[in-house]
Amino acid sequence: AFRNDDFITALQLYTSALQHLEVIKLPDSKKVEVGLFSNRAATHMMLGNPLLAAEDCCSALKLDPLHFKAQIRLSRSLLQLGHFEDANQEARDVLNNKSLTSDHEIGAQQVLDDVVQTQGIVDECARKLRELEEVDDADLEHISAAVLFSLEQALQLAPRSSLIATLKAEAYRFLGDSDTAVEF
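Residue positions are given per chain, counted from 1 along the sequence in the order it is written. Thresholds applied to this predicted model are a pLDDT of at least 70 for local features of residues and 80 or more for the giving and counting of side-chain atom pairs; totals over whole chains, interfaces and linings are not thresholded and use all residues. To obtain the side-chain values, all non-hydrogen atoms of the structure were used and water was disregarded.

J.: Teacher, can you tell me more about the overall build of the protein chain here?
T.: Numbering of helices and strands runs from the N terminus; a helix is a DSSP stretch of H or I covering at least four residues, while a strand is a stretch of E covering at least two. Secondary structure assignment for the protein chain yields nine helices and zero strands. In the protein chain, the succession of helices and strands from N to C terminus is α-α-α-α-α-α-α-α-α. Each radius of gyration reported is based on C-alpha atoms, and the globular scaling rule is 2.2 Å times the count of residues to the power 0.38. For the protein chain, the C-alpha radius of gyration of 20 Å lies well beyond 16 Å, the compact-globule estimate for 184 residues. Accessible area is worked out with a 1.4 Å probe on protein chains only. A residue is then buried under 20% of its type maximum, exposed over 50%, and partly exposed in between. Looking at the 184 residues of the protein chain, the share that counts as buried comes to 42%. Any two residues whose heavy atoms approach within 4.5 Å at even a single point are treated as in contact. Long-range pairs, those at least 24 residues apart, make up 57% of the contacts in the protein chain with a sequence separation of at least 6. For every accessible area listed, the method is Shrake-Rupley and the probe measures 1.4 Å; residues are considered covered only by the protein chains on display. Taken as a whole, the protein chain presents about 10,800 Å² of accessible surface, with 51% of it coming from carbon and sulfur. Here Asp and Glu are counted as negative and Lys and Arg as positive; His is not counted, and neither are the chain ends. Charge positions come from single atoms, namely NZ of Lys, CZ of Arg, CG of Asp or CD of Glu. Taking the average place of the 17 positive charges on the side chains of the protein chain and the average place of its 30 negative ones, the gap between the two points comes to 10 Å.

This is how it looks when you write it as structure tokens:
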């Protein structure tokens, strides 16, 4: 179901498999459980639920602390939630492990690069918004629009970030659009 982009069905199947795993006595049930949690986390991410994805990654990592795929997914979930420092740390932990594969290294490095990029955008937008307090009204609209454009880019990688939502609301407040600002 996951490979066919039927994420609702995939979520149901992974959940059902986890519920029935205790009944089925497999010799490698712990390994299967780790894979199910990690795959269900990927499904949650595809459905736009990074918090649930992070919870499943943590469940997988409790069973197997060296499951790099789950740790990379946790890092990506934390990024999507706007927890930049935690996402950065998880990705670095993967990269610092001597036994990772090249695929895991590439995945962790991609998350780390995305964290750095997103954090840079957020920091720059916050700086510009602070400076708007001292800007001429003529520049206010232009700078606010540029900030909103940049924040939209950051939202592509961190769609559930409360910090980005707050910065967007502030940019709309500077534009005099308090109705839109309240929506965030």
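J.: How do you make sense of the side chain of Asp56 when you look at a structure like this?
T.: Structurally, Asp56 is set in helix α3 (residues 50-63). With relative accessibility at 5%, the residue Asp56 sits in the buried group. Not counting the four nearest positions on each side in its chain, Asp56 is found in contact with Phe37, Arg40, Ala41 and His44.

J.: Just to check I follow, could you spell out helix α7 (residues 137-157) for this structure?
T.: Think of an α-helix as turning once every 3.6 residues; residues three or four places apart then point the same way. Over its 21 residues, α7 extends 31 Å from the first C-alpha to the last, a length consistent with the 30 Å expected when each residue adds 1.5 Å. Residues of α7 that are buried: Leu140, Ser144, Val147, Leu148, Ser150, Leu151, Ala154 and Leu155. Buried residues in α7 make contact with α6 (102-131) and α8 (162-174). Helices are assigned an expected span. That span is 1.5 Å times one less than the residue count.

J.: Can you walk me through the nonpolar core in this structure?
T.: Taken as a class, soluble globular proteins show a tendency for nonpolar side chains to be buried jointly. To define a nonpolar core, start from buried Ala, Val, Leu, Ile, Met, Phe, Trp, Tyr and Cys residues and group those joined through side-chain atoms within 4.5 Å. Counting 49 residues, the largest nonpolar core has Phe84, Leu129 and Ile164 as its most contacted members. Taken together, the elements giving at least two residues each to this core come down to α1 (7-20), α2 (29-46), α3, α4 (68-81), α5 (84-95), α6, α7 and α8. Here this core gets nine residues from one element, more than from any other, and that element is α6. Setting aside chain neighbours within four positions, we find Phe84 in contact with Leu79, Val115, Thr118, Gln119, Val122, Ala158, Ser161, Leu163 and Ile164.

J.: What is the right way to read α4 from this model?
T.: For α4, which comprises 14 residues, the first-to-last C-alpha distance of 20 Å matches the rise-based estimate of 20 Å (1.5 Å per residue) to within 8%. Once α4 ends, the next one or two residues include Gly82, with phi positive near 85 degrees.

J.: Teacher, can you tell me more about the pattern of salt bridges here?
T.: Charged atoms that come close allow side chains of opposite charge to pair. Criterion for a salt bridge: a side-chain nitrogen of Lys or Arg within 4 Å of a carboxyl oxygen of Asp or Glu. If you walk through the whole model with that rule in mind, you get seven salt bridges. Glu131 is the partner of Arg127 in a salt bridge, and the nearest nitrogen-oxygen pair spans 2.4 Å. Taken together, the residues span about one helical turn, with Arg127 and Glu131 both in helix α6 at a distance of four residues. Taking the relative accessible area as the measure of exposure, Arg127 reaches 31% and is therefore partly exposed. What makes Glu131 partly exposed here is its relative accessible area of 40%. For Glu170, the salt bridge goes to Arg173, with nearest N and O atoms at 2.5 Å. Here Glu170 and its partner Arg173 are both found in helix α8, three residues apart, which amounts to about one turn of the helix.

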